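# Structural characterization, general
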Amino acid sequence: MRGVAIVGVGHAKFGRRTDVNLGELAWEAVKEALEDARLDQKDIQYFVVGNVGGWSAEPLPAVVIGEYCGLNPKGTMRVEAACATGSAALYNAYLAVASGMADIAMAIGVEKMYESPTPTVVEFIGRAGNYFWEFENFGLTFPGYYALYMTAYMNRFRATEEDFCRVAVKNHYYGSMNPKAQFYGLRITVDQCLKSRYVAWPIKLYDSSPITDGAAAVILVSEELARKITDTPVWIRSVGVATGTANLSRRSDFIGLDAAYQAAEQAFKRVGIEHRDTWRYFDVADVHDCFTIAEVMAYEDLGFVERGMGIQLVRNEQTYKGGLIPVNLDGGLKAKGHPIGATGVSMAVEMTKQLRQSVEPRDRQADIHVGWALAHNVGGTGHYAYVTLYSLDKDGSPKVKPKR
Amino acid sequence: MGMSVEARYEEFWRQSIKQLNEVVKATGLPIAPDEKGQYNLWYDVRELRLRFSISVERIKRFFEGLKEGKIYATRCRRCGRYYFPPQIDCPYCKTSDMDWVEISGEGELLTYTMINTKPLTYSHYPDYIVAIARMREGFNVLAWLRVNDPEKVRVGMKVKLQVTRREPEGYLTYEFVPAEQ
Ligand SMILES: [Zn+2]
């Protein structure tokens, strides 16, 4: 295996994008990524499209996008890993370059969720687990799955609904500064969150990420090409991949996502760090906050802090910029939006920009000391998990951040 | 309650199709502004209906059990593992040699939620509680929990798993009720 670096990133505006079709939406991200890398379609040898679909009209999104963006006749495939689909696309493109099958590859994540009425989307996402045993008879919804975790977590660690609302407030705070975010310009208060209606008790509307259209794209190249293309390649240093049971009933507890823990374990092992106090190694992280409970569990599954201590990070505002570890400075899924297939690629775009120190406005640019970043992307309710580590260094293990 | 789910569903689509036909008639195209009145959308003139047919031949004993008022799990004769939902193959032993065992029904609540925003196909039910309980045998079951007062539901409470008829559809399924009822 050889080194793989991100040399170009592109990101469409997230939101209710009824002004563009699937191809047009993807092109916004693809065009930006090509321009960022100063490459042409003819340079891209292979591309992967992350798209879940079902709610959108095109059943073969990869070829539709390939044609619209001028990428054919290059080879492609469409990948699915529920809400971690974007990370799956990234992983697939990474493998293509690392293995030597391609020198330059592109990962595209795109989702058009507003092509169907909201009830249809709710119905589709509720089926994302084990359809027959958990939806057909018991009508779980996406917030419902995570609510099962929130109830158990609150009961076990005496966390409150207010604690979780603080996560939403933080992510809206950063999303309000991100022009690409669905809720750009829209901050919320703890009180607003607490007063929002229950969608699946104890999860409220403001604990939840929205329905979103969006696209993101990244260009990956081999170590031989990286420095010829850019002065600031961002290296994909490690990817951890794991799964959880389809049936939630087959899991032993509901206070953390085992798939995310396993994926983190793999990712850390590969770069030679222990799976504890891991906040010390990363300047910034994007974690999967489809619901506020998911962000808190992520802190613990990733080993930033011990089990049950994630809520303390929130209470002490340690995941804001300047804290122990800044998390979701792009607004997260909660405020940036969660176009299912694009989210993982969007995380790669954000981590790249953070490490390049090119985030605007500067209020949401993390301080970069050691040059390492982490993205945590969960599919379904811990059905899939991807943990991806990024670095400005091609070799070597992460170092401990300087004391503040 | 009022309308059945079929009626709601049909009404939902009938309204959309009616609007679509009016737009086509008036303008010659199925194009109209989006919900926010911002951008033009082409409203699909082709409908795709989905209702799947799922194979249950190899676990039909489970459904026969429901008719007798019993809820079965399967248990591997070689390694002793319980399977619920029941399955006929033990991937660990690579055998298909299962006992069908009736579940004791005694369990303890691990977690629960109340579904307030329901899927369209569940919109005709009042808000319902979905719970996961650990059964005495050591495996978990996910089902609705039927209680008079949702405020009294607690993690750790004792529950009983029983066969029930899901109305208004009238098909057999299973549910939890509080043990001391
Ligand atoms: Zn066995």
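Residues numbered from 1 in each chain as written. Chains lettered and ligands numbered in written order. Predicted model: local features only at pLDDT ≥ 70, side-chain atom pairs only at ≥ 80, totals over all residues. Heavy atoms only, no water.

Let's shift gears to the pairing of strand E6 (residues 106–115) of chain B. Across the ten residues that make up E6(B), a large majority, seven, are buried. As judged from the two bridges shared by strand E5 (residues 198–201) of chain A and E6(B), these two strands associate in the antiparallel manner. Residue pairing for E6(B): Trp201(A) is matched across the bridge by Met114(B). Relative to strand E9 (residues 158–166) of chain B, E6(B) runs antiparallel, the two sharing three bridges. Residue pairing in the sheet places Gly107(B) in a bridge with Val159(B) of E9(B). Bridge count for E6(B) against strand E7 (residues 128–135) of chain B is eight bridges, and the pairing is antiparallel. (Buried < 20%, exposed > 50% of the residue type's maximum accessible area, 1.4 Å probe, protein only. Helix = DSSP H or I, 4+ residues; strand = E, 2+ residues; numbered from the N terminus. Pairing = 2+ DSSP bridges.)

Attention now moves to the coordination of the zinc ion. Residues and elements named next belong to chain B. Coordination of the zinc ion by the protein involves Cys-76 (SG), Cys-79 (SG), Cys-90 (SG) and Cys-93 (SG), with metal-donor separations of 2.3 Å. With four donor atoms in place around the zinc ion and angles of 103 to 113° between them, the coordination shape is tetrahedral. Spacing between the donor residues of the zinc ion along the chain follows C-x2-C-x10-C-x2-C. With a gap of 17 residues between them, Cys-76 in strand E3 (residues 72–76) and Cys-93 in the loop between strand E4 (82–83) and strand E5 (98–102) connect regions that are remote in the sequence. Neither residue differs from the other here; Cys-76 and Cys-93 are each classed as buried. (Donors = N, O, S within 2.8 Å, 3.2 Å for Na, K, Ca; no water. Tetrahedral: all angles 85-135°; square planar, octahedral: opposite > 155°, others 65-115°.)

On to the interface of chain B and chain A. Contact with chain B, which involves 46 residues of that partner, is made by 38 residues of chain A. Of the roughly 3400 Å² buried at the junction of chain B and chain A (both faces included), carbon and sulfur atoms supply 62%. Ranking the residues of chain B by area buried against chain A places Pro85(B), Thr117(B) and Leu142(B) at the top, with a combined share of 15%. Linking chain B to chain A there are 27 residue pairs in polar contact (both at pLDDT 80 or more). Counting residues per element, the side of chain B that touches chain A draws most heavily on E6(B), at six residues. Per-class residue counts for the side of chain B that touches chain A are 31 nonpolar, nine polar and six charged. (Contact = heavy atoms within 4.5 Å. Buried area = accessible area lost by both parts, 1.4 Å probe. Polar contact = N/O pair within 3.5 Å; in protein donor to acceptor, adjacent residues only side chain to side chain. Nonpolar A, V, L, I, M, F, W, Y, C, P; charged D, E, K, R; others polar.)

Moving on, we get to the confidence of the model for chain B. Any segment with low pLDDT has predicted coordinates that should not be analysed in fine detail. Mean pLDDT over chain B works out to 94, with 98% of the residues at or above the 70 mark. Here the prediction assigns the complex a pTM of 0.97, and the interface score ipTM is 0.95. (pLDDT = per-residue confidence, 0-100.)

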